[in-house]
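The residues making up each chain are set out below.
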Amino acid sequence: MDGFLGHLQNEQVETAVKKEPGLHMYSFKDVEMILDAGDEDTKEVILGTPTDKSEKLHLDVYDSAHKTNGSIYSSGRISKLVTPFGKRSNKFVVKFNIDNLPTTETVNGIHNHENLEDDIIQRIRPHKSCSLVVHRSGPEPGCWFMYDRIEDRFNALENRIRKHAAALVASRLYEEPMDPSVASQRSIFAIGMICCDGEGHLNDKSILLQSSVEHSGGQHVRLELNKLSHFSVFPGQVVGIKGHNPSGHCLIASELVDSVPLSVAADMNLPRAKKQALDEEIQATNLSCAPTEITMVIAAGPFTTTDNLLFEPLTELLAYATKKCPQLLILLGPFIDSEHPQIKKGTVDLSFDEIFQMEVLRRVQDYLEYMGPDARVVTIPSVRDANHDFVFPQPAFDLDSLNNIHQITSLKNPGIFEADEVKIGCCTVDILKHLSGEEMSRHSMDGTPSDRLSRLASHILSQRSFYPLYPPAEGVPLDLSLAPEALHISSVPDLLILPSDIKYFVKVLSLGGTSEGEEQMKKCVCINPGRLAKGEGGGTFVELKYQGSSDKINASIVGI
């Protein structure tokens, strides 16, 4: 009897495929797709359908508006398959919120959805399109990579040390650096890179300071930090050290400088005349223009659960975005995750590029067609994308063949762009997790609370690098010969997006300031949206409204 039923199900599947040639189905042995060609009853459980009635109606309207051939999502057929993701109970729950604006869109931690008529009115109401300006720095699609030499790596690290030294000297707060490996009874100032003496993690006995070729011939010396009340160091970090070296074998630090004054960093990137003209223009603009306001939804992959390649989380994210109408939707890889069990095993019938085109880009195109010409989408690849170059820095996706190419902007990894003059930096390599595993720190004993996540994120900005860790973590294909300036952060962005496996957060970082109080503080909103999919369940994403400064934001971390 079981054999007869199985044969009957196979005949039904073949009949459904013949009736809809554009419908494709994955041949996963652990998933049974029961399709009834003559049954259009939508009372069965729909993939990822929210429990809220008004939201269900909204998703039905969205799905019915796109009956194109291709995937389970865009084929027009409603699947009756119920997955663990589809059976979850808590949907679109706000897990964390920062609200500095007069109004809020949340009630008791759950987004308050209006009725269907309000949804339609909100969708058709015109909203301002944001202008995007991409900072073109990094490798181009089709470039050759992983041909870097030891000389290339050495020059890249040497340039970091020299630029850091020039900036600290230009601040006039520190004297000209000296060779830290030379014995001296008097206090000196030295600049170099933190290194580890041997393999393993940093400890009190294994910290080395490697200075530049210019000041010490590239020699390194052991660094002792016992006299410091607090510090945070990691391999690859460029620091300034005040101290003395009585024996010539160990530099005893009395002060550690781990950041460059902001105004000095800005001045070094522009000629003086151009910098003065730019300052005057910015000041005039700030006096005459209203603060920039922009809304966005930010999500990082994986975009499908580990038990299938149905991309249900991505489908629900796009449906959520159609309701909220953000000016900008930022999607960060991985999209076709090389760590996905079925991608690893190779149990898919399509190529990785075909899955990316049919399951990801087609959904994004449907979203843009539904939202109209003012909607904008930004994509950033990941080194975990199975369909893209395995190198860091990483070229952007080649999306020239898409119909909505003017609405989709593909960035390099890492990438910097401006949306309505709001500067946004993105990097999909998990630098926060990597720094967390390599950092050595000591907390102040005066009772001052220490925020580790903020400290890790601040290292990115204080070092002016999207990936200051060296040697890189295992699995990071760092190529320092490929666009050496691609990792450099010339100025502090307004928003810094760093997806990570560590816990999601939205934090306002304060940088700058000196002991003399001469330096103006600069604030940056750092965002870790978490992962949209976690295992067989849903993860998190971020909904953000930014009004000109970090003091005027409404940021919500939403569990999908």
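Read on for a plain summary of the structure. Only a predicted model underlies this, so the values are computations on that prediction, with no experimental measurement involved. (Residues numbered from 1 in each chain as written. Predicted model: local features only at pLDDT ≥ 70, side-chain atom pairs only at ≥ 80, totals over all residues. Heavy atoms only, no water.)

### Quick word on the overall build of the protein chain
Move 1: Counting its secondary structure elements, the protein chain contains twelve helices and 24 strands.
Move 2: The buried share of the protein chain, reckoned over its 560 residues, is 51%.
Move 3: As displayed, the protein chain offers around 26,000 Å² of accessible surface, 51% of which is attributable to carbon and sulfur atoms. (Helix = DSSP H or I, 4+ residues; strand = E, 2+ residues; numbered from the N terminus. Buried < 20%, exposed > 50% of the residue type's maximum accessible area, 1.4 Å probe, protein only. Areas by Shrake-Rupley, 256 points an atom, 1.4 Å probe, with all protein chains shown as cover.)

### Considerations on the packing of helix α8 (residues 312-324) against helix α10 (residues 352-371)
Move 1: Remark: α8 packs on α10, axes separated minimally by 11 Å, with the N-to-C direction vectors making an angle of 15°. Comparing their axes, α10 and α8 come out roughly parallel. Pair α8 / α10 crosses with right-handed handedness. Between α8 and α10, the residues in contact are Leu-314, Thr-315, Leu-318, Ala-321 and Thr-322 and Glu-359, Val-360, Arg-363, Val-364, Tyr-367, Tyr-370 and Met-371, respectively.
Move 2: Among the residues forming the contact of α8 with α10, the class breakdown is eight nonpolar, two polar and two charged. (Axes fitted to C-alpha atoms, helices over the stretch in contact; angles between N-to-C directions. Parallel < 35°, antiparallel > 145°, perpendicular 65-115°, else oblique. Left-handed = near helix turned anticlockwise from the far one by under 90°. Contact = heavy atoms within 4.5 Å. Nonpolar A, V, L, I, M, F, W, Y, C, P; charged D, E, K, R; others polar.)

### Looking at the packing of aromatic side chains
Move 1: Taken as a whole, this structure holds nine aromatic pairs when the rule is applied.
Move 2: With a centroid separation of 5.1 Å and an interplanar angle of 10°, the aromatic rings of Tyr-174 and Phe-189 are classed as stacked. With a gap of 15 residues between them, Tyr-174 in the loop between α4 (150-170) and β5 (184-196) and Phe-189 in strand β5 connect regions that are remote in the sequence. Pair check on accessibility: Tyr-174 and Phe-189 agree, each one buried.
Move 3: Each ring, one from Phe-392 and one from Tyr-467, has its centre 5.8 Å from the other, and the planes form 70°; the classification is edge-to-face. Residue Phe-392 is found in the loop between β13 (376-380) and β14 (408-410), and its partner Tyr-467 is found in the loop between α12 (452-462) and β18 (495-497); the two are separated by 75 residues along the sequence. Each of the two residues, Phe-392 as well as Tyr-467, counts as buried.
Move 4: Ring pairing ties together the aromatic residues Phe-303, Phe-335, Phe-356 and Phe-397, which thus form one cluster.
Move 5: Across the ring face of Phe-85, the terminal group of Arg-88 is positioned such that the distance to the ring centre comes to 3.8 Å. (Phe/Tyr/Trp six-rings, centres within 6.5 Å; stacked < 30°, edge-to-face > 60°. Lys NZ or Arg CZ within 6 Å of the ring centre and 35° of its normal.)

### Section: the nonpolar core
Move 1: With 39 residues, the main nonpolar core has Phe-303, Leu-317, Leu-331 and Phe-541 as its most contacted residues.
Move 2: Where this core is concerned, the elements lending two or more residues are β11 (293-300), α8, β12 (328-332) and α10.
Move 3: For this core, the element with the highest residue contribution is α10, accounting for nine residues.
Move 4: Ignoring any residue separated from it by four or fewer positions in sequence, one finds Leu-331 in contact with Ala-299, Phe-303, Leu-317, Val-364, Val-377, Val-378, Thr-379 and Ile-380.
Move 5: With 30 residues, the next largest nonpolar core counts Ala-156, Phe-466, Phe-505 and Cys-526 among its residues. (Core = buried A, V, L, I, M, F, W, Y, C linked by side-chain atoms within 4.5 Å.)

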